[in-house]
Amino acid sequence: VSWDAISNALSSVDTAIRVIKAIKAADGAIEKAELKFKLAEMMEALADAKEALSESRDARQALFDEIARLKDALAKHGMIVRQLDAYYDATEEGEAKGDPYCTRCWEIEHRLVHLIRGDRTDAFHHCAVCRQKYSRRASPFSIERRGLE
Ligand SMILES: [Zn+2]
C-alpha cells in the first residue's frame, strides 16, 4: 500500500509541474479563464499528493513498528525454550520456567502471549489472542527451576 501511495504522490507532483510548465510556456498569451482552470488543476494535483504522502507516512510508521516488534522477538529468541506443547522463559541452563506461552503465536506471529488457565472443569489452557487450546498436561503453569539444586 505504501509504495502505491508514494507512486501516486509522485505522479500528482508530476501533474502539478506539468501544469506550471504549461502556464510558463503560454507566456502572456494565456487567458484568465484558462489560467484559473490550470490553477484548479494544479491545486487538485497537489491535494492528491498531500493525501498520498500522508498515507505513505502512516504506512511507514506501521513498518517501523513491525520491525521493532520483530527485533524484539529476535532478541528474545535465545531466552525462550519449548517444552511439551508450549514455550517458556528459559533458565540460564536452558530449562523451562514460569508460565506457558502460546506456541502458535510465537512460531507464526513471533509474539509472546501467555496462555490463560481454563477453569477446573476445562481440560485445556487457552490463548486469548488466537483462541488455540492446549492440553493442561502439555502446557503446565508455574514450572519451577529444577536439576542443578
Ligand atoms: Zn496464540
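Please refer to the structure placed before this passage.
Residues numbered from 1 in each chain as written. Predicted model: local features only at pLDDT ≥ 70, side-chain atom pairs only at ≥ 80, totals over all residues. Heavy atoms only, no water.

*Asks:* Teacher, can you tell me more about the pairing of strand β1 (residues 80–83) here?
*Replies:* Both faces of the sheet carry side chains from a regular strand, because those side chains alternate between them. The sheet contact formed by β1 and strand β2 (residues 86–90) spans 4 bridges and is antiparallel. Note that in β2 the partner of valine 81 across the bridge is tyrosine 88. Between β1 and β2, which pair antiparallel and follow one another directly, the connecting turn spans 2 residues, one of which, leucine 84, has a positive phi of 50°. (Pairing = 2+ DSSP bridges. Helix = DSSP H or I, 4+ residues; strand = E, 2+ residues; numbered from the N terminus.)

*Asks:* Help me understand the nonpolar core, please; the structure alone is not making it clear to me.
*Replies:* Grouped burial of nonpolar side chains is what soluble globular proteins tend to show. Formed by Cys102, Cys105, Val113, Leu115, Cys127, Tyr134 and Phe141, the largest nonpolar core amounts to 7 residues. Setting aside chain neighbours within four positions, we find cysteine 105 in contact with His110, Arg111, Val113, Cys127, Val129 and Cys130. (Core = buried A, V, L, I, M, F, W, Y, C linked by side-chain atoms within 4.5 Å. Buried < 20%, exposed > 50% of the residue type's maximum accessible area, 1.4 Å probe, protein only. Contact = heavy atoms within 4.5 Å.)

*Asks:* So what exactly am I meant to see when it comes to the coordination of the zinc ion here?
*Replies:* Geometry sets the ideal angles at a metal, namely 109.5 degrees for four tetrahedral donors and 90 or 180 degrees for six octahedral donors. Only Cys102 (SG), Cys105 (SG), Cys127 (SG) and Cys130 (SG) from the protein reach the zinc ion as donors, at distances of 2.2 to 2.4 Å. Geometry at the zinc ion is tetrahedral, judged from its 4 donor atoms and the angles of 103 to 115° they form at the metal. Taken in chain order, the donor set of the zinc ion reads C-x2-C-x21-C-x2-C. Of the two residues, cysteine 105 sits in helix α3 (residues 103–109) while cysteine 130 sits in the loop between β4 (124–126) and β5 (133–135), which places them 25 residues apart along the sequence. A relative accessible area of 2% places cysteine 105 in the buried class. Judged by its relative accessible area of 22%, cysteine 130 falls in the partly exposed class. (Donors = N, O, S within 2.8 Å, 3.2 Å for Na, K, Ca; no water. Tetrahedral: all angles 85-135°; square planar, octahedral: opposite > 155°, others 65-115°.)

*Asks:* What is the right way to look at the packing of aromatic side chains in this model?
*Replies:* Each aromatic ring pair is summarised here by two numbers: the centre-to-centre distance and the angle between the ring planes. Here the structure, examined in full by the defined rule, presents 0 aromatic pairs. Cation over ring: lysine 133 sits above phenylalanine 124, and NZ or CZ is 5.2 Å from the ring centre. (Phe/Tyr/Trp six-rings, centres within 6.5 Å; stacked < 30°, edge-to-face > 60°. Lys NZ or Arg CZ within 6 Å of the ring centre and 35° of its normal.)

*Asks:* Would you take a moment to explain the pairing of β2 for this structure?
*Replies:* Of all the 5 residues making up β2, 4 are buried; the element is thus mostly covered by neighbouring parts of the structure. In sequence, β2 turns back onto strand β3 (residues 96–101) through a hairpin of 5 residues, with glycine 94 there showing a positive phi of about 80°.

*Asks:* Could you clarify how one ought to interpret unusual backbone geometry in this entry?
*Replies:* Most peptide bonds take the trans configuration, and most residues that are not glycine carry a negative phi. One non-glycine residue, histidine 110, lies in positive phi territory at about 60°. Topologically, histidine 110 is positioned in the loop between α3 and β4. Classification of histidine 110 by relative accessible area gives partly exposed; the value is 35%. Its identity as a non-glycine residue notwithstanding, arginine 131 has a phi of 70°, on the positive side. Position of arginine 131 relative to the elements: it lies in the loop between β4 and β5.

*Asks:* How should the environment of cysteine 127 be read in this particular structure?
*Replies:* Among the structural elements, cysteine 127 can be located in the loop between β4 and β5. Separated by 25 residues in sequence, cysteine 127 and cysteine 102 place their C-alpha atoms 6.1 Å apart. Ignoring anything within four residues of it in the chain, the contact list for cysteine 127 reads Cys102, Cys105, Val113, Leu115 and Gln132.

*Asks:* How should I be thinking about helix α2 (residues 32–76) in this particular structure?
*Replies:* In this model α2 runs 66 Å from its N-terminal to its C-terminal C-alpha over 45 residues, within 8% of the 66 Å that 1.5 Å per residue would give. By the burial criterion, the buried members of α2 are Lys38, Met42, Ala45, Ala49, Ala52, Ser56, Ala59, Arg69 and Ala73. (Expected span 1.5 Å × (residues − 1).)

*Asks:* So what exactly am I meant to see when it comes to the environment of isoleucine 20 here?
*Replies:* With respect to the helices and strands, isoleucine 20 occurs in helix α1 (residues 2–26). A relative accessible area of 41% means that isoleucine 20 is categorised as partly exposed. As for isoleucine 20 and leucine 39, which are separated by 19 residues in sequence, their C-alpha atoms are 8.5 Å apart.

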